[in-house]
Amino acid sequence: MQSSRVDLDHTRLTTQQGVRVDHTDDSLTITERGPTLLEDFHAREKITHFDHERIPERVVHARGAGAYGHFQAYEGWLRDYTVAEFLTSGEQIPVFVRFSTVAGSRGSADTVRDVRGFATKFFTRQGNYDLVGNNMPVFFIQDGIKFPDFVHAVKPEPDNEIPQAASAHDTLWDFVSLQPETLHMMMWLMSDRALPRSYRMMQGFGVHTFRLVNADGQGTFVKFHWKPVLGTHSLVWDECQKIAGKDPDYNRRDLWDCIEAGQFPEWELGVQLVDEKDEFSFDFDLLDPTKIIPEEQVPVRPVGRMVLDRNPDNFFAETEQVAFHTANVVPGIDFTNDPLLQARNFSYLDTQLIRLGGPNFAQLPVNRPIADVHTNQRDGYGQQAVHKGRTSYFKNSISGGCPAIADSGTFSHYTEHVEGHKIRKRSESFKDFYSQATLFWNSMSEVEREHIVSAFRFELGKVTSKEIRGRVVAELNNVDHELAVRVSEGVGVTAPAEEVRPNHGRSSPALSQLNAPSNRISTRRIAVLVADGVDATGTRRVVDELTKREAVVELLAPSDGEVRPGTGEPLEADRQLNTMASVLYDAVVVPCGPDSVNLLSQDGYAVHFVAEAYKHAKPVAAFGSGRDLLHRAGVTDRIADNEQVTVDQGVVTTAAASQELTTEFFDAFATEIARHRAWERRTDAVPA
Ligand code: HDE
């Protein structure tokens, strides 16, 4: 990878042929005002190359962000199950990960309601292994032949190409209402999982059941899971829509900035293993990608750790040209007959041929294996290798039979016994479309349920056809009657009169994000609102205490530059208040300083900032006269006028001025930030 990097420092401009150029601002013409000459090879080359700079964007997952890092297995216990060395050797191996949204174009916003791609390329000594997963553990459809139908339904509608990167339109919901296998995934898509706070704070899933194969050729079914060290956290929908305007690169920037700052994102890889003899012991089919194996039934066992620690040098060369393929497997990892996976094994190679323009994309620097590559494949567009010798066929005697067939370390396909008729028919074992959608609903906390109901209402509210809305509500009645009734109330559809399928009452606590709290606030972005007259000592204390706890703290002031405090040394604003917004931060603090608070109280941006953070259930803190800005923004706190610290639904306040600030204040605030949001806060009436 390193040898292909081009560094233009201390160089002189040349043509592609290496001829030095003395002038690149004017074309070659006859007289200053005369016609341009065809012989101007430099101008022609420059413009021609420019004309050809674009390649087709990915048909799905067009918008993404990538990073390099490494993976390291913890210990060798998986050796009984697989010969894949990277899962057992404990050696650090390089990876490249690309996160993505699915429906939007390359330039679309990051914070749309969508599934997120989580694709990892492991550069192992046995060859490249690609785990091309998502941040949700199930998929919309069961058979790959439905993929073009599904994608056509969710993409912008073909007559006017509206809406961009949004599922809230007629064609998607028309499809969903007629294809009940989508329902389980639609529950995930309407949940907070579709609105990740950060790529660094989302889970990843291989989705399909794969197969591990050991040295004796024995197979074990496996599901892959990524768990983020920082916990799984989401934004709220109103916030997402605002961020899409304020910072459409929100998730991309977050990943980039954290890696640049040395705050490297980490995930733990885990596996759920199922013995072959237990293949039929579940009430769903392991080959059905619209089903999970509940973690309470088969625990996720940790296997290793991935750290992303290096940003790409060039977005196009690396993040755009990276080519993932589900069929990039290494010895010890094999497929199952999941019909979605089987179709993917065709699609990913095929799609690279059009996207990357020919069969040599595996030679692009970002895709190149670290394992040696010796093939008899030759020529083709973009061929980079200069193959020596006369033979490019097997068997040969002229080149001593090389490249020869290896007798160890090879990939040998799992020997599976298959017999029966050739048919085109969905398996009966795939036909329970509702039980796991119900399981998901049952497993949500009340606030997560509220979010799901309002997501359905929002999406169906954008559907123009009442008939489609009605059909969706009727389908939801198969998931849970109360869900269907609650959704119907918001979208002008008559509520289903009665329950059609009794709720089975089962739940899987691992499905609720709120059941995996984090006690860390590292990388959380905290805004401190300041203006001239602010209390410098208290403000510095806020910065120190929160930075010590690994948060990212920024001072926001009405204008850039120096902030002159009431007393003491000037402070420097990190950002101008009106270039930012509360939606770009996890929490907000207002320090004391009557003059500063007075100025901020008259600044609509500052007042709105606090009200909006409050509306989105974010932790809000203030001390001393800083509390007045909270009150101006309609945020009440319950403290009596003493110096105690009060925490009320994520609002952390004290009447104490800076000298009396205790660590209790900062600990309480940090606890609220680690909790992510004060979900118990009712904020529907807040006008922000
Ligand atoms: Fe993909 N998918 N997919 N997909 N997918 C692509 O490949 C496809 C599916 C996923 O960052 C494409 O290189 C079919 C499931 C990710 O470059 C394409 C089917 C899951 C990425 C394609 C599926 C995924 C893709 C477009 C149904 C989660 C982005 C560009 C049979 C487990 C990879 C490309 C990156 C990309 C086809 C279903 C995840 C067209 C036919 C299920 C993360 O080949």
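Taking an unreviewed UniProt entry as the reference, the protein is identified by name as Catalase belonging to Amycolatopsis taiwanensis. Among the UniProt annotations of the protein, the heading Catalytic activity (unreviewed entry) holds the following wording: "2 H2O2 = O2 + 2 H2O". On record in UniProt, under Function (unreviewed entry), the comment for the protein is "Decomposes hydrogen peroxide into water and oxygen; serves to protect cells from the toxic effects of hydrogen peroxide."

### Some thoughts on the overall build of the protein
The helix and strand tally for the protein stands at 17 helices and 19 strands. In terms of overall size, the protein behaves like a compact globule, its C-alpha atoms giving a radius of gyration of 28 Å where 688 residues would be expected to give roughly 26 Å. Along the first, second and third principal axes, the C-alpha atoms of the protein reach 95 × 85 × 55 Å. The buried share of the protein, reckoned over its 688 residues, is 43%.

### Observations regarding the pairing of strand E8 (residues 266–275)
Examined bridge by bridge, strand E7 (residues 219–228) and E8 share nine bridges and lie antiparallel to one another. Looking at E8, one finds that Phe 224 is bridged to Val 271. Of the pairings in the sheet, the one linking E8 to strand E9 (residues 301–310) comprises six bridges and is antiparallel in character. Directly across from Trp 267, in E9, lies its bridge partner Met 306.

### Describing the domain arrangement of the protein
Partitioning the protein into structural domains gives domain 1 (1–53), domain 2 (64–144 + 200–367) and domain 3 (525–674). Put simply, the middle of domain 2 and the middle of domain 3, counted by C-alpha atoms, are 39 Å apart. Grouping the amino acids of the side of domain 2 that touches domain 3 by side-chain chemistry returns two nonpolar, no polar and five charged.

### Observations concerning the pairing of strand E19 (residues 651–654)
Where burial is concerned, the two faces of E19 agree: the one with Val 651 and Thr 653 and the one with Val 652 and Thr 654 are both buried. Bridge count between strand E17 (residues 620–623) and E19: four bridges; the pairing is parallel. Paired with Phe 623 across the bridge in E19 is Thr 654. Pairing between strand E18 (residues 645–648) and E19: four bridges, direction antiparallel. Directly across from Asp 648, in E19, lies its bridge partner Val 651. The hairpin formed by E18 and E19 contains two residues between the paired strands, and Gln 649 there has a positive phi angle of roughly 50 degrees.

### A few points about the UniProt feature "binding site: heme" (unreviewed entry) in the protein
In the numbering used here, UniProt assigns the "binding site: heme" (unreviewed entry) feature to Arg 58, Arg 98, Phe 147, Arg 344, Tyr 348 and Arg 355. With respect to the helices and strands, Phe 147 occurs in helix H2 (residues 147–154). Leave out the neighbours within four places in its chain, and Phe 147 touches Ile 141 and Ala 343. As for its placement among the helices and strands, Tyr 348 is situated in helix H8 (residues 339–355). With residues up to four places along the chain from it excluded, the contact list for Tyr 348 reads Phe 324, His 325, Thr 326 and Ala 327.

### Re helix H12 (residues 481–490)
If you check which residues of H12 are buried, you get Leu 483, Ala 484, Arg 486, Val 487 and Ser 488. Looking one or two residues beyond H12, the residue adopting positive phi is Gly 492, at roughly 65 degrees.

### Comments concerning the site of the ligand
Around the ligand, the surrounding shell holds 25 residues, and the nearest of these are His 61, Gly 117, Gly 144, Val 207 and Ser 347. Only strand E2 (93–101), strand E3 (116–124), strand E4 (127–134) and H8 provide two or more residues apiece to the shell around the ligand. Considering each element in turn, the shell around the ligand owes the most residues, six residues, to H8. A breakdown of the residues in the shell around the ligand according to their chemical character gives 13 nonpolar, nine polar and three charged.

### Things to note about the nonpolar core
Judged by nonpolar contacts, the single largest core of 114 residues is most densely connected at Val 528, Leu 529, Val 588, Val 610 and Leu 629. Counting contributing residues, this core receives three or more from each of domain 2 (64–144 + 200–367) and domain 3 (525–674). In this structure, Val 528 is in contact with Thr 539, Val 542, Val 543, Val 553, Glu 554, Leu 555, Leu 556, Val 589 and Pro 591, ignoring residues within four places of it in sequence.

### Concerning the sheet that holds strand E16 (residues 587–590)
Strand order in the open sheet made by the seven strands is E15-E12-E11-E16-E17-E19-E18, with mixed pairing throughout. Both edges of this open sheet fall to strand E15 (575–576) and E18, since each of them pairs with a single strand only. Sheet topology places strand E11 (residues 525–529) next to strand E12 (residues 552–557); five bridges connect them, and they run parallel. Across the sheet, the residue bridging to Ala 527 is Glu 554, located in E12. On top of the sheet, helix H15 (residues 604–615) reaches E11, E16 and E17; it is set at about 135 degrees to E16, its chief contact.

Quick notes on the rules
Within each chain, residues carry numbers counting from 1 in the order of the written sequence. Where totals are concerned, whole chains, interfaces and linings use all residues; where local detail is concerned, this predicted model gives features only for residues with pLDDT of at least 70, and gives and counts side-chain atom pairs only at 80 or more. UniProt positions are given in the numbering used here, feature names are shortened, and annotations may be inferred rather than shown by experiment. Helical segments are the DSSP runs of H or I of at least four residues, strand segments are the runs of E of at least two, and each set is numbered from the N terminus. Restricting the calculation to C-alpha atoms gives the radius of gyration, and the globule rule supplies 2.2 Å times the number of residues raised to the power 0.38. Any residue with 12 or fewer other C-beta atoms within 10 Å of its own C-beta is exposed, any with 20 or more is buried, and the rest are partly exposed; the C-beta atoms used are placed from the backbone. Pairing between two strands requires that DSSP report at least two bridges joining them. Domain borders in the structure are assigned automatically or taken from a domain database. Any residue that is not Ala, Val, Leu, Ile, Met, Phe, Trp, Tyr, Cys, Pro, Asp, Glu, Lys or Arg is counted as polar, Gly included; the first ten are nonpolar and the last four charged. Any two residues are considered in contact once their C-beta atoms, placed from the backbone, lie within 7 Å. Whether a residue is near a molecule or strand depends on its C-beta atom, placed from the backbone, lying within 6 Å of it. Throughout this description, the term nonpolar core refers to a group of buried Ala, Val, Leu, Ile, Met, Phe, Trp, Tyr and Cys residues whose C-beta atoms join them within 7 Å. For every element, the axis is a line fit to its C-alpha atoms; helices are fit only across the contacting stretch, and the angle between N-to-C directions ranges from 0 to 180 degrees.

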